[in-house]
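Geometric and topological summary
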Amino acid sequence: MATHALAPATTAYRTGLYEWLTTTDHKKIGIMYVINSFLFFLIGGFFALGVRAELAQPGLQIFSDEHVYNEFFSIHATVMIFLFIIPMLAGLGNYAVPLMIGAPDMAFPRVNALSFWMLPLGGLLLLSGFLTQGGAAAAGWTSYPPLSEVGPTKSPGPGQDLWIVALTLIGTSSILGGINFLVTIFKMRAPGMTLFRMPIMVWTILVTSVLVVMATPVLTSALVMLFIDRNYGGHFFDPSFGGNAVLYQNVFWFYSHPAVYVMVLPAMGIVSEVLPVFTRKPLFGYKAFIFATAGIGALGFSVWAHHMFTTGAVFLPFFSLMTFLIAVPTGVKMFNWVATMWRGKISFSTPMLFAVGFLAMFLIGGINGAFSAAVPVDFALHDTYFVVAHLHYVLFGGSVFGVFAGIYYWFPKMTGRLLDETLGKVHFVIMIIGFNLTFFPMHMLGLQGMPRRIADYASNAGWNDWNLVASIGGFIIAASILPFIWNVFISLRNGKIAGDDPWEGNTLEWATSSPPPPYNFDRLPEIRSERPLFDVRHGRLDHGDATA
Amino acid sequence: MTAEGALQPIDATGAPIVVQEGHVARGISNPILGMLLFITSEVMFFSGLFAAYFSTRAHNADSDVWTKPQQLLNPLSLILVATILLITSSFTCQFAVWAIRRGDRRGFIRNIAFTFVLGIVFLLLQGYDYTLLFGEGMTLGSGVFGTTYFTLTGFHGAHVFGGVLMLGVILYRGMSGQFSSKHHDAVEAVSLYWHFVDVVWIILFSVLYLLS
Amino acid sequence: MSSSPRRRIAPEAVIAAVVVILLVVLVPLVVYSKIGESLFPPDAVTKQAQDVRSLYNIVFAIAVAIFVAVEGLIVWSVIRYRRKPGDDELPAQTHGNTLIEIIWTAIPTVIVLFLFGLSFNTLATVDAVGNNPDIRIHAVAQQFQWTFEYLDQNGNKVATQTIPTAAEGGGMAVPVGKNVLVTLDSPDVIHAFYVPRFLFKRDVIPGQTNRFQFTIDPSEATDGHPEILSGQCAELCGTGHRTMLFNVIAMSQNDYDAWLQALITKSNATPPPAPSVGAGATLNVTAQNIAFDTKSLTVAAGQPFAIDFVNKDPAGVDHNIQIRDASGNVIADPPLTDGGQSATYTYQALPPGTYTFICKVHPIAAMTGTLTVH
Ligand code: HEA
Ligand code: HEA
Ligand code: CUA
Ligand SMILES: [Cu+2]
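What about the coordination of the iron atom of ligand 1?
Residues and elements named next belong to chain A. The protein gives the iron atom of ligand 1 a lone donor atom, His-390 (NE2), placed 2.1 Å from the metal. In this model, the iron atom of ligand 1 sits 4.5 Å from the copper ion (ligand 4). Mapping His-390 onto the fold places it in helix 14 (residues 385-415).

Quick look at the structure:
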């Protein structure tokens, strides 16, 4: 195992395309994950803009056929969830985790490359649905049967099958990635790095990976059953032959609720790395934070039916109680973050702005999620735009802000150059304004009774104004992406040289060069706490053990 | 790129720097841990299918849709032979592991070969059993019972097939002398997988044939 | 823990205080102003909905309180604890504080348990289904049409309302102050019965009969003054999901009795004998797999014509052939033909132009075509 005798860092990235395509280096794979996911973010955003353009006014303007609208939001959500947010976070983890635990690479580098390459393949399969007769999948990202079954007014075309195959592929990629993370984290930590000295980011990836390994195969089983129903005459979800339509929902949400934590825990990990660095304080309640993360993971398996409160087929009190309870560990984290900033010395570099944006917006998404935990309230809110507001506040306000915090934070490590701060701030300000304009009005629309997944609405329903605001907001979000893309391009060429440790980081990735050489380290500082570099810089100041 | 960075202050404060000597193997090896996790995910996959089975069964508790085809399954038939063979193969697989741990390469190869053949025979028997059921009119599409039955046993069969392929690779590598008492992680991993496939079958057999 | 040296009141402390005060003042202002109203569900019309609304109010109040408190803390910290340029001193390295961590675990636990208790209570009234409803309605949701069957106390059908919206002269009428039991069935995919002012919805699932009960507040309607409530399918059910609109019409008991009697008479009336085919041409159209076998028809202007219509879909799948003019007005709307049946539809003479023929039940591309009259 060659971890020493390394080539100088400068040549590490002067390599050709072929080198990138065949690489098994976790850093290059991580970067490819990030780029690939970002491209899919643009694609998913393109579909979202289509949706918003249609909904800006009553009447059908953009789509002549409502079926196409259904394709748009279905593919929008599928792309955003399975090809953007999950792989993006996995990619940042892929880049950061081995560095943070002082390992030379992931445990199974070739499997890692395989996991990555399944993603663009799955994405292309999914999108190729648009070229088939009948178009892409149009039954929502949840694809409930019987609508997703074969039938002239259901989902007759191959688009739905492509959706199934693509998701199976992407799911397999996730599972292999999860196994890889777990083995890496359990077996390849640097000497001295006990479990309770791991960076929080590593902990969140650990818990996420457990969720992935345990929940994603269950999604696969649901997909397999749907595929059998569609293609081999199966009757799993077909009531006329003794099948049960609600069964799919149970199996699907058994995966998809834990999956929403897959989509947010690593972002919480990023925020928990960024906050301490930019406040110059340790994370408040390190251990409590870890237990809360594990608690969310465990509770996450017992709340799935809160998506099915109106089916009349689930035991309401139990799922309501568990859903309420999950607010408690999440609250613990929220308070830990606030307490971390409390009496800190905060510098507002762009990563920190996005981290604070995460706190402020995820809070809203968490609280409006708790509305739906109250079953009778959910009877009113289910399948209305209120839920659309909730899901974007947690997924965009939470996860996406976390992702951008991570990108701004690690970009200098990945490339050796800093992103431009001014452009970063412009990006942040436009984005947070556009985001709230788009998604806050959706609360009102939902309360006023506007259902989800409709291409059009009556002009006298009273939904015109807020829809227009939301559509304008959507395009403002799109505009905010442009300074970011521009920033990346100019900074790659002319950005300020980062040096090894531009932020005065706490964790091991900042102890190697930027970008790091293959196999990452030739030497490591001694690890005596979760902030080894802080210890090196300042000695062990006031180092009481983290309280539980 | 300059070399001035975090490493500078490390030296400056004189903090101790440990030269990493590579990672000493601790506990179980990476491939085996990886395989255990993979098996965990497979367990969850089958749990999903089993959940569908039990839910569908409860849904159609006293209906002909369920009970009629159920009666076609007879535990005291060819399937029992297949079951016994598969269980036997788990033993031969384990003998192979013990043999290679002792460094007994010939014993290892013999037992893996047995396991490999038993796996193939199981698949052939299951295929034959399928044709019998098709003859009785039970297929994936004949009703929910057929759907759940063939999905569960079919996916199990696919896993047996995967296992047989792995055994083939192990056999080949064993014959070309790639394993020793010190170096045989792949063998351990494959045997874990094979035991898992066996256990799934035992549960399947009990649920589908015995607890009906 | 030792704190860093304190300054006198810093300008950012003032800013922060202002922000917090603004929050504290603004939020209630918004809540009770016009915009604030839109943060609440619409006025409840049923007894059950009023309970949901009370619950919502409490959940909302607590949510706002938590939001203001936590968001306030975030804003405060951000403003108050900015790092001054040139300040290289480390802040106190606080790793935790057991007491405060216990407190902020315990308080939310208490809050959510309280909310759970409340919502559990409300659920008992909202979700209750009694044995002796005053009115029974069997609602069938089908791609893309609602049908409401009125049942007697023994569950026998007495009348069927096939026109779901008030704009077309239909709707699901119910008397105010009476206990209405609705059972829900679907022959195809999942739909959902949703009336915003009920603050309620329930999925309509094939293979599973769902039911719920409601009582409309007696003050909602008086004799001659019904209240029309809009409803809409809330579960994605395909291309026509959005078109599955319906109305619930709250009526006084008298109005309702008259309305029901009229519906019964209409349902019982034997369908009028098919009018004999007029002078014009007879065309053939077949529907199968929810699609017409032709996309374009041509007839002569100024002459009545007929269509021999064959519905080859399974029983239960109704179709018809509506004619709409260029601006979408329905000109002819013959009765539905069940799957497996056929019918001859006659149409009055039309002026020259381009028209659309379309299935009323399935207004989708596959069941739409062009009728050219020249
Ligand atoms: C990142 C993804 C993510 C996250 C983290 C969450 C988090 C939560 N979600 Fe959400 N959810 C989604 C993604 C996510 N959700 C998506 C995508 C859907 C829609 C799926 C679809 O139908 O398409 C959905 C739908 C959804 C529903 C179904 C709604 C419906 O269709 O009718 C429900 C119902 O209970 C729910 C609840 C919750 C709750 C209680 C949390 C909690 O975890 C939130 C906890 C956090 C807080 C509460 C804030 C911080 C806490 C404090 C400050 C402490 C004090 C607070 C209290 C005492 C309340 N979510
Ligand atoms: C991570 C997840 C994620 C993210 C980031 C987003 C981002 C956005 N979402 Fe999405 N959304 C979901 C997950 C997500 N969404 C889910 C799960 C659903 C439920 C679907 C269902 O019901 O099945 C949903 C549904 C949904 C709806 C409801 C549709 C309906 O029910 O009918 C709407 C409506 O406005 C919407 C809007 C938006 C908008 C405007 C954005 C914007 O924030 C997007 C901003 C990004 C961009 C605009 C990209 C930048 C693009 C460019 C700069 C140029 C264009 C690019 C090219 C030409 C390639 N989303
Ligand atoms: Cu019926 Cu949507
Ligand atoms: Cu959920």
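Section: the coordination of the copper ion (ligand 4)
Residues and elements named next belong to chain A. Protein-derived coordination of the copper ion (ligand 4) comes from His-257 (ND1), His-306 (NE2) and His-307 (NE2), at a distance range of 1.8 to 2.1 Å. Between the donor residues of the copper ion (ligand 4), the gaps in sequence give the motif H-x48-H-H. In this structure His-306 comes out as buried when scored by relative accessible area, which is 13%.

A few points about the packing of aromatic side chains
With the rule as written, the count across this model stands at 97 aromatic pairs over all chains. Where Phe-38 of chain A meets Phe-41 of chain A, the ring centres are 5.9 Å apart and the plane angle is 45°; that geometry is what we call tilted. One end of the pair, Phe-38 of chain A, and the other, Phe-41 of chain A, are both in helix 2 (residues 26-55), 3 residues apart, so they sit about a helical turn from each other. The exposure class assigned to Phe-38 of chain A is buried, which follows from its relative accessible area of 12%. Taking 5.3 Å as the distance between ring centres and 55° as the angle between the ring planes, the aromatic pair formed by Phe-435 of chain A and Phe-439 of chain A counts as tilted. Pair noted here: Phe-435 of chain A and Phe-439 of chain A are both in helix 15 (residues 421-447), with a separation of 4 residues, about one helical turn. Phe-439 of chain A carries the same exposure label as Phe-435 of chain A, and that label is buried. Between the NZ or CZ atom of Lys-287 of chain A and the centre of the ring of Phe-196 of chain A, over which it lies, the distance is 5.1 Å. Seen from the ring of Phe-379 of chain A, Arg-202 of chain C lies directly overhead, with NZ or CZ sitting 5.1 Å from the centre.

Concerning the site of ligand 1
Near ligand 1 lie 30 residues; those nearest to it are Trp-141, Tyr-261, Asp-378, His-382 and His-390 of chain A. At the site occupied by ligand 1, nearby residues are drawn from chains A and C. The separation between an oxygen atom of ligand 1 and a polar side-chain atom of Trp-141 of chain A is 2.8 Å. In the model, an oxygen atom of ligand 1 is placed 2.7 Å from a nitrogen or oxygen of the His-382 of chain A side chain. For the shell around ligand 1, the secondary-structure elements that each account for two or more residues are helix 7 (245-262), helix 11 (327-341), helix 12 (350-373) and helix 14 of chain A together with helix 4 (98-126) of chain C. At 7 residues, helix 12 of chain A tops the list of elements feeding residues into the shell around ligand 1. A breakdown of the residues in the shell around ligand 1 according to their chemical character gives 18 nonpolar, 10 polar and 2 charged.

Some details on the site of ligand 2
Residues and elements named next belong to chain A. As a matter of local geometry, ligand 2 sits amid 32 residues, with Arg-52, Tyr-69, His-76, His-392 and Arg-453 nearest to it. A distance of 2.7 Å is found between an oxygen atom of ligand 2 and a side-chain nitrogen or oxygen belonging to Arg-52. At 2.8 Å from a nitrogen atom of ligand 2 is found a side-chain nitrogen or oxygen belonging to His-76. When contributions to the shell around ligand 2 are tallied by element, the ones reaching two or more residues are helix 2, helix 3 (66-100), helix 14, helix 15 and helix 16 (464-494). Looking at which element gives the most residues to the shell around ligand 2, the answer is helix 2, with 8 residues. When grouped by side-chain class, the residues that make up the shell around ligand 2 number 24 nonpolar, 5 polar and 3 charged.

With respect to the pattern of salt bridges
Counting across every chain of the model gives 19 salt bridges over all chains. A salt bridge links Arg-242 of chain C to Glu-66 of chain A; the nearest nitrogen and oxygen atoms lie 2.2 Å apart. You can see Arg-242 of chain C sitting in the loop between strand 9 (227-233) and strand 10 (245-251) and its partner Glu-66 of chain A sitting in helix 3, one on each of two chains. Both residues of the pair, Arg-242 of chain C and Glu-66 of chain A, count as buried. In this structure, Glu-220 of chain C engages Arg-197 of chain C in a salt bridge whose closest nitrogen and oxygen atoms are separated by 4.0 Å.

Quick notes on the confidence of the model for chain C
Caution applies to low-pLDDT parts of the model: their predicted coordinates are not meant to be read in detail. Residue and element names in this part refer to chain C. Per-residue confidence for chain C gives a mean pLDDT of 86; residues scoring 70 or more make up 87%. Predicted confidence for residues 1-7 stays below pLDDT 50, and this span has 9 contacts to residues more than four positions away or in other chains. ipTM for the predicted complex: 0.91, alongside a pTM of 0.88.

Regarding empty space enclosed by the protein
Residue and element names in this part refer to chain A. As enumerated under the stated definition, the model contains 12 cavities of 30 Å³ or more in all. Of the voids in this model, the largest cavity is the one considered here, and its volume is about 200 Å³. Residue lining of the largest cavity: 19 residues in total, with Ile-86, Ala-90, Ser-174, Phe-181 and Val-212 positioned closest to the centre. Per element, the largest residue contribution to the lining of the largest cavity is 6 residues, and it comes from helix 5 (residues 158-187). Across the lining of the largest cavity, the residue classes tally to 12 nonpolar, 7 polar and no charged. There is about 100 Å³ of room inside the second largest cavity.

Topic: the interface of chain C and chain A
Across the contact, 86 residues belong to chain C and 98 residues belong to chain A. Three residues, Tyr-81, His-95 and Trp-104 of chain C, lead the burial of chain C against chain A; their summed loss comes to 11% of the area buried on that side. In this structure, the connection of chain C to chain A is made through 3 salt bridges. Lys-345 of chain A serves as the salt-bridge partner of Asp-87 of chain C, at 3.0 Å between the closest nitrogen and oxygen.

Topic: the nonpolar core
Taken as a class, soluble globular proteins show a tendency for nonpolar side chains to be buried jointly. Of all hydrophobic cores here, the largest spans 351 residues; its most connected members are Phe-404 of chain A together with Phe-193 of chain C. If you tally residues by element for this core, the top one is helix 3 of chain A, at 21 residues. Apart from residues no more than four positions distant in its own chain, Phe-404 of chain A is found in contact with Phe-38, Phe-41, Phe-354, His-427, Met-431, Ile-481 and Phe-484 of chain A.

As for unusual backbone geometry
Residue and element names in this part refer to chain A. Note the cis peptide between Pro-145 and Pro-146, where omega equals 0°. Tracing the chain through its elements places Pro-146 in the loop between helix 4 (109-128) and helix 5. Backbone torsion omega between Ser-514 and Pro-515 reads -10°, so that peptide bond is classified as cis. Within the fold, Pro-515 resides in the loop between helix 16 and strand 1 (524-525). For Asp-383, which is not glycine, the phi torsion reads 55° and is therefore positive. Tracing the sequence through the fold places Asp-383 in the loop between helix 13 (375-381) and helix 14. Using a relative accessible area of 4% as the deciding quantity, one classes Asp-383 as buried. At Asn-520, a residue that is not glycine, the phi angle is positive and equals roughly 75°.

About the cut-offs
- Residues numbered from 1 in each chain as written.
- Chains lettered and ligands numbered in written order.
- Predicted model: local features only at pLDDT ≥ 70, side-chain atom pairs only at ≥ 80, totals over all residues.
- Heavy atoms only, no water.
- Donors = N, O, S within 2.8 Å, 3.2 Å for Na, K, Ca; no water.
- Helix = DSSP H or I, 4+ residues; strand = E, 2+ residues; numbered from the N terminus.
- Buried < 20%, exposed > 50% of the residue type's maximum accessible area, 1.4 Å probe, protein only.
- Phe/Tyr/Trp six-rings, centres within 6.5 Å; stacked < 30°, edge-to-face > 60°.
- Lys NZ or Arg CZ within 6 Å of the ring centre and 35° of its normal.
- Near = heavy atom within 4 Å.
- Polar contact = N/O pair within 3.5 Å; in protein donor to acceptor, adjacent residues only side chain to side chain.
- Nonpolar A, V, L, I, M, F, W, Y, C, P; charged D, E, K, R; others polar.
- Salt bridge = Lys/Arg side-chain N within 4 Å of Asp/Glu carboxyl O.
- pLDDT = per-residue confidence, 0-100.
- Contact = heavy atoms within 4.5 Å.
- 1 Å grid on protein atoms, 1.4 Å probe; cavity = no way out; pocket = protein on both sides within 12 Å on 5 of 7 lines; lining within 4 Å.
- Points joined across faces, edges and corners; volume = space filled by probe spheres on them.
- Buried area = accessible area lost by both parts, 1.4 Å probe.
- Core = buried A, V, L, I, M, F, W, Y, C linked by side-chain atoms within 4.5 Å.

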